[in-house]
Amino acid sequence: MTEEINRLKEELKRKTEELESFVYIVSHDVKAPLRAINNLVEWIDEDLNGTTGDVRENFDLLKNRVKRIENMMNALTELSRVRRMELDMAEVNTGAMIAEILEMIPDSKKMKVETGKMPVFRTMHRKLYKVLYALIENAVIFHDKEDGHIRISCKEKEDCYVFSVKDNGPGIPEDLQGKVFTVFYTVNSKDIRETTGVGLTLAKKILDFVGGNIQLISKQGEGSEFIFTWPKELNVTN
Amino acid sequence: MVLSIFQTRQLLSLQEGKMFKSWKILSYFIVSFLLGYIGALVLVFLDKMDIMAFITGMVFLGGAMFVFLVIRASVKSSMKLIETASAKNYLNDIFQNMGNILIVLDEHNIIKTVNPTTCEKLGCDPEKIIGNHVSKIFNLNGFGKGSLFETEFMTKTGKKIPVLVSVNHLKDFNKNFIVIVAQDISIQKENERKLKESLIAVEKANKELDQFAYIVSHDLKAPLRAINNLSEWIIEDLGEVPEEVENHILLMRGRVNRMENLINGILEYSRVGRQKIEKSTVSVRDLVKDVIDNLAVTDRIAFHVEQGLPVLETEQITLQQVFSNLISNAVKYHDKPKGNVEIRCFENDNMVEFMVKDDGPGIPEEYHEKIFGIFQTIEARDTVESTGIGLSIVKKIIEEKGGKIWIESKEGKGTTFHFTWPKK
């Protein structure tokens, strides 16, 4: 039985590596032809200089699609990096971190952002930043109302912090809530808002890695709340 | 006389009624004594002294026999007692030292005795346990008969220990009692749980990987198709296109196409070994012939297929993929007007070694490892359009099956791919 367990553990490790190598291969090797496409698009752009009408419109659309693939590739690279141990342990002032994130998202100035009492503790700085960034960015960019309101709070538990990012935005229909963590998934068509649909996937992957979890509470039309736990002591095995 | 009947009865009944028969014989003796004495008395009155003397003699003889029997019975009885005592000692040793939980209950399921292991597991003194109802330490009320079953043993701290319990109903002095032997199966349970967990995790990882690979390739291909269509429309709308522009657009479409092929290739690569394929009886000779037919090559290349290629019990599609990749590579990269491709095999104990040999350009030694890496082609991609993913898939398939692949080649002297494939 123990042998069987060890074998399965080995297999599981291999699967995880396989997933990473898949992401890596996609994001790395497919970049070469993408670069070529990018260059050619630039040349064609010059060739078509001065044209208007349908041709211009279609070409702009084409450029947009190239940009979209590029964004997707970059997002994949980001995903493949999650499990790589970066020694970015630091004393993190999460309140200051949130202020920094809001600074990075210009649209957040248009809404009322309320931040509760935020803890200061030692943890993986970049990873926590990415999770908070993804959640706050989502709350801001998908907001559809005039009086946008976002509430960021944190509760301390015995072994973890429970963060919450709550908005009064459009909310997510119940039948789509299970999909939001899927890679490249966007609730709205990408033509409405150009996003890669990787933010929440990345957040979940980071949380899986550090041993936290994430939960979505949302009702269509009434806003969304993402609640995630972040362990105080990181017990990361690689 | 009557007193001795009761005394002997007490002595003999010590052995659980087994000597009841001896007691019966003794009581017959005593009855015959009484009759003898009464007979002797009657004979004294009748003045038949000679017969009386005879009967008295008989009574004395019987008396001697009686004493002998009583002494023999006592000796037997005490010997048995000693035996029982030593047996009890022996049993007690086992009871005290056994690693299993052992509990004796009375007929009302009240705990009468426990062994030290029980106390150790429960973490408290025997006095605290004895006298309690069995449900205080086991997760159940009464017991059925005999059979083995699993339940939980509840310790003082509220911790639950999974146990495998066997129950024996016994009878002693007409009293029923129950002996419970329970084995701590925490380790087994823990292992079972771990095994189950790992199985679920592997399954989940597999599913995740599949889904992820699918979504990624699907979602990446969507904008690629859009680029392709848009470029077509642009050419249409432009009408008269300067040659340079058209070239650029065509070149771009070529790259888009290549990118799509790459993504498909990666998806295929990631799927190797994750799809269950049924085994069937495969004639490798027929399989190789099919592969060659499907290649639709002209008579530029002559194929030499060994007659003795085996029949294997294996997954046809995967083996076909291997041959198809190797043979088509041999053809695709052949650089001479006339060429030969040979397919041969050797059989070992558990594996068959196959060879695909060509007399094409050969591969310089520095590339022998590299060619199996994903996305490696030696020639510039524009000469022969290929994703370079073929050999990496072949390698992954073969290694997944427990085989090996290696290359024997020198620049200008042709290439031989060797690979081993399990017979079963």
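This is a predicted model, so every value here is computed, not measured.

Here is what the cut-offs are and how they apply
- Residues numbered from 1 in each chain as written.
- Chains lettered and ligands numbered in written order.
- Predicted model: local features only at pLDDT ≥ 70, side-chain atom pairs only at ≥ 80, totals over all residues.
- Heavy atoms only, no water.
- Helix = DSSP H or I, 4+ residues; strand = E, 2+ residues; numbered from the N terminus.
- Expected span 1.5 Å × (residues − 1).
- Buried < 20%, exposed > 50% of the residue type's maximum accessible area, 1.4 Å probe, protein only.
- 1 Å grid on protein atoms, 1.4 Å probe; cavity = no way out; pocket = protein on both sides within 12 Å on 5 of 7 lines; lining within 4 Å.
- Points joined across faces, edges and corners; volume = space filled by probe spheres on them.
- Nonpolar A, V, L, I, M, F, W, Y, C, P; charged D, E, K, R; others polar.
- Pairing = 2+ DSSP bridges.
- Phe/Tyr/Trp six-rings, centres within 6.5 Å; stacked < 30°, edge-to-face > 60°.
- Lys NZ or Arg CZ within 6 Å of the ring centre and 35° of its normal.
- Contact = heavy atoms within 4.5 Å.
- Buried area = accessible area lost by both parts, 1.4 Å probe.
- Salt bridge = Lys/Arg side-chain N within 4 Å of Asp/Glu carboxyl O.
- Polar contact = N/O pair within 3.5 Å; in protein donor to acceptor, adjacent residues only side chain to side chain.
- Patch = residues over 30% accessible without salt bridge, like charges linked within 9 Å, V, L, I, M, F, W, Y side chains within 5 Å.
- Areas by Shrake-Rupley, 256 points an atom, 1.4 Å probe, with all protein chains shown as cover.
- Lys, Arg positive; Asp, Glu negative; His and termini not counted.
- Charge placed at Lys NZ, Arg CZ, Asp CG, Glu CD.
- Axes fitted to C-alpha atoms, helices over the stretch in contact; angles between N-to-C directions.
- Parallel < 35°, antiparallel > 145°, perpendicular 65-115°, else oblique.
- Left-handed = near helix turned anticlockwise from the far one by under 90°.

Its 17 residues place the ends of helix α9 (residues 316-332) of chain B 23 Å apart at the C-alpha level, agreeing with the 24 Å of an ideal helix rising 1.5 Å per residue. Those residues of α9(B) that fall on the buried side of the exposure criterion are T318(B), L319(B), V322(B), F323(B), N325(B), L326(B), I327(B), N329(B), A330(B) and V331(B).

Right, let's talk about the layout of surface pockets for a bit. All names here are of chain A. By volume, the second largest pocket is sized at about 850 Å³. Around the second largest pocket sit 36 residues that line it, and A134, E137, N138, F142 and G199 are the ones nearest its centre. Counting residues per element, the ones that place at least two in the lining of the second largest pocket are α3 (54-81), α5 (125-141), α6 (199-210) and β7 (223-231). Ranked by residues supplied to the lining of the second largest pocket, first place goes to α5 with nine residues. Residue composition of the lining of the second largest pocket, by class: 17 nonpolar, 13 polar and six charged.

Moving on: the pairing of strand β2 (residues 111-114) of chain B. Residues and elements named next belong to chain B. Here three bridges tie strand β1 (residues 101-106) to β2, and the two strands are oriented antiparallel to one another. Note that in β2 the partner of I103 across the bridge is V114. Here β1 folds back onto β2 in antiparallel fashion, the turn holding four residues, of which N109 has a positive phi close to 65°.

Evaluation of the coordinates by the stated rule reveals 10 aromatic pairs over all chains. A ring pair is formed by F121(A) and Y161(A), whose centres lie 4.4 Å apart and whose planes are at 40°; its orientation type is tilted. Of the two residues, F121(A) is situated in strand β3 (residues 120-124) and Y161(A) in strand β5 (residues 160-167); the sequence distance between them amounts to 40 residues. Geometrically, the ring pair formed by Y161(A) and F163(A) is tilted, given 6.4 Å between the ring centres and 50° between the ring planes. F163(A) gets classed as buried once you look at its relative accessible area, which sits at 0%. Aromatic rings pair up to connect F121(A), Y161(A), F163(A) and F228(A) into one cluster. Over the ring of Y161(A) we find K232(A), and its NZ or CZ is 5.3 Å from the ring centre. It is K404(B) that lies over the ring of W406(B); its NZ or CZ is 5.9 Å from the centre.

The partner chain B presents 48 residues to the 44 residues of chain A that form the contact. A per-residue breakdown of the area chain A buries against chain B is headed by M1(A), K15(A) and F22(A), which together make up 14% of the total. Taken together, the links from chain A to chain B amount to zero salt bridges. Linking chain A with chain B are one residue pair in polar contact (both at pLDDT 80 or more).

All right, on to empty space enclosed by the protein then. Throughout the structure, instances matching the rule amount to two cavities of 30 Å³ or more. When its volume is computed, the second largest cavity comes out at roughly 40 Å³. Within the residue set of the lining of the second largest cavity, elements represented by two or more residues are α1 (2-29) of chain A together with α7 (243-271) of chain B. In terms of residues, the lining of the second largest cavity owes the most to one element, α1(A), which gives four residues. Classifying every residue of the lining of the second largest cavity by side-chain character gives four nonpolar, two polar and two charged.

Moving on to a negative patch on the surface. A surface patch of like charges, here negative, comprises D54(A), E57(A), E236(B) and D237(B). Those elements that provide at least two residues to the negative patch are α3 of chain A together with α6 (186-238) of chain B. Within the fold, E236(B) resides in helix α6. Classification of E236(B) as exposed rests on a relative accessible area of 57%.

With that settled, consider unusual backbone geometry. Residue and element names in this part refer to chain B. Phi is positive for D47, which is not a glycine, with a value near 65°. Structurally, D47 is set in the loop between α2 (20-46) and α3 (49-97). A positive phi angle, near 65°, is found at N109, a position not held by glycine. Among the structural elements, N109 can be located in the loop between β1 and β2.

We now examine the packing of α1(A) against α3(A). All names here are of chain A. Where α1 contacts α3, the axes come no closer than 8 Å and their chain directions differ by 150°. It follows from the interaxial angle that α1 and α3 lie roughly antiparallel. Where α1 crosses over α3, the two elements pack in a sense that is left-handed. Counted together, E20, V23, Y24, V26 and S27 of α1 and M73, L76, T77, L79 and S80 of α3 form the full contact between these two elements. When grouped by side-chain class, the residues that make up the contact of α1 with α3 number six nonpolar, three polar and one charged.

Function-wise, these values are silent; they only describe arrangement.
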